[in-house]
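If you want the building blocks of each chain, they are given just below.
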Amino acid sequence: MDMSIAAMSVDIHQAKVWQDIGIAMLDKAIEADTDMIEEAIEIGNFDPNLGHNIDISI
C-alpha cells in the first residue's frame, strides 16, 4: 500500500472533520435531552420517586 504524504494528510483531515461532526451532533442531542428534562421538571410532570422501587415478587 503506497500512499503519498499529501494523500494521508487529506485522509486524516477528512477523518477529523467527520469526528468533529459526530461530536457536534452528540452535543446537540445531549443539549436537547437536557432541555426536555428541565422543561418536564418545570411543568411538574416529573415524579422524583418514579423508578426507585422494583417489585420482583412472583
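Residues numbered from 1 in each chain as written. Predicted model: local features only at pLDDT ≥ 70, side-chain atom pairs only at ≥ 80, totals over all residues. Heavy atoms only, no water.

(A) Inspection of the pattern of salt bridges at higher detail. All chains considered together, the criterion is met by 1 salt bridge. Its salt-bridge partner being Lys16, residue Asp20 comes within 3.2 Å of it at the nearest N-O pair. Residue Asp20 and its partner Lys16 are located together in helix H1 (residues 5–43), separated by 4 residues, close to a single helical turn. Here Asp20 falls in the partly exposed class, since its relative accessible area comes to 37%. Since its relative accessible area comes to 46%, Lys16 is described here as partly exposed. (Salt bridge = Lys/Arg side-chain N within 4 Å of Asp/Glu carboxyl O. Helix = DSSP H or I, 4+ residues; strand = E, 2+ residues; numbered from the N terminus. Buried < 20%, exposed > 50% of the residue type's maximum accessible area, 1.4 Å probe, protein only.)

(B) The arrangement of a negative patch on the surface in detail. A grouping of Asp27, Glu31, Asp33, Asp35, Glu38, Glu39 and Glu42 is seen on the molecular surface, where their side chains present a negatively charged patch. Mapped onto the secondary structure, Glu38 falls in helix H1. Relative accessible area serves as the criterion here: at 42%, Glu38 is assigned to the partly exposed category. (Patch = residues over 30% accessible without salt bridge, like charges linked within 9 Å, V, L, I, M, F, W, Y side chains within 5 Å. Areas by Shrake-Rupley, 256 points an atom, 1.4 Å probe, with all protein chains shown as cover. Lys, Arg positive; Asp, Glu negative; His and termini not counted. Charge placed at Lys NZ, Arg CZ, Asp CG, Glu CD.)

(C) Highlighting a nonpolar patch on the surface. Together, Met3, Ile5, Met8 and Ile12 make up a nonpolar patch on the protein surface, roughly 420 Å² of accessible area in all. Considering the arrangement of structural elements, one finds Met3 in the segment before H1.

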